[in-house]
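Fold and geometry: a report
Residue-level listing of the chains:
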Amino acid sequence: IAVEAGLVLMSEGLETAAYRSLFGGNEDEPAEADTSLQWWGNLIEPEQDRAYRSEPQYLLRSLPALPANLRRAEQAAARDLQWMITAELATSITVEATIPALGRVLLGVVIITATDQRIELFFG
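Below or above, wherever it landed, is the structure these notes cover. Nothing here was measured: the structure is a model prediction, and the numbers come from that model.

About the criteria used
Residues numbered from 1 in each chain as written. Predicted model: local features only at pLDDT ≥ 70, side-chain atom pairs only at ≥ 80, totals over all residues. Heavy atoms only, no water. Helix = DSSP H or I, 4+ residues; strand = E, 2+ residues; numbered from the N terminus. Buried < 20%, exposed > 50% of the residue type's maximum accessible area, 1.4 Å probe, protein only. Polar contact = N/O pair within 3.5 Å; in protein donor to acceptor, adjacent residues only side chain to side chain. Contact = heavy atoms within 4.5 Å. Expected span 1.5 Å × (residues − 1). Bend = angle between axes of the 7 residues up to and from the residue. Axes fitted to C-alpha atoms, helices over the stretch in contact; angles between N-to-C directions. Parallel < 35°, antiparallel > 145°, perpendicular 65-115°, else oblique. Left-handed = near helix turned anticlockwise from the far one by under 90°. Nonpolar A, V, L, I, M, F, W, Y, C, P; charged D, E, K, R; others polar.

A separate point is the side chain of Glu74. Assignment of secondary structure puts Glu74 in helix H3 (residues 67-86). For Glu74, a relative accessible area of 13% corresponds to the buried category. From its side chain, Glu74 meets the backbone nitrogen of Ala97 in a polar contact 2.8 Å long. In this structure, Glu74 is in contact with Val95, Glu96 and Ala97, ignoring residues within four places of it in sequence.

So, in structure tokens, the structure goes:
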């Protein structure tokens, strides 16, 4: 993902799909039991696996950057990316959350595609 002249440019690859899966829904939706705050596009999506929940986005905004919260962010990101495995676009997805600086969380994602390509992404 690149920003040029104030516009976000995205590719058609799994990198963009991963970003949108993690950060493309409603940042105010906890994605747990209450779905009344979900992104409006989910209401017209016929396949629930393709809905944007953005649970990691919500957690990263609402929880303090503490080691105890890292596992929760990792699990949320893995859930939001699981559709890639279900759709057989990826064979494995690994998520690791770290605290590189005070009050900041970095999500590292490694996707092994169905064609054995390794994609490494960092969000934070």
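All right, on to H3 then. Between its first and last C-alpha, H3 extends 30 Å over 20 residues, near the 28 Å set by a 1.5 Å rise per residue. Largest kink in H3: about 40°, centred on Asp80. Restricting attention to buried positions, one finds in H3 the residues Asn69, Leu70, Ala73, Glu74, Ala76, Ala77, Asp80, Leu81 and Met84. Packing partners of the buried residues in H3 comprise helix H1 (14-23), helix H2 (55-62), strand S3 (90-101) and strand S4 (104-113). Immediately beyond the C-terminal end of H3, within one or two residues, lies Glu88, with a positive phi of roughly 60°.

Moving on, we get to unusual backbone geometry. Excluding glycine, a negative phi dihedral is what most residues carry, and trans is how most peptide bonds are arranged. For Glu88, which is not glycine, the phi torsion reads 60° and is therefore positive. At Asp116, a residue that is not glycine, the phi angle is positive and equals roughly 65°. The topology assignment puts Asp116 in the loop between S4 and strand S5 (118-123).

A few words on the packing of H1 against H3. At a minimum axis separation of 9 Å, H1 and H3 run at an interaxial angle of 135°. Between H1 and H3, the crossing angle belongs to the class labelled oblique. For the pair H1 and H3, the crossing hand works out as right-handed. Taken together, the residues of H3 that come into contact with H1 (itself represented by Leu14, Ala17, Ala18, Ser21 and Leu22) are Ala77, Asp80, Leu81, Trp83 and Met84. Broken down by class, the residue content of the contact of H1 with H3 amounts to eight nonpolar, one polar and one charged.

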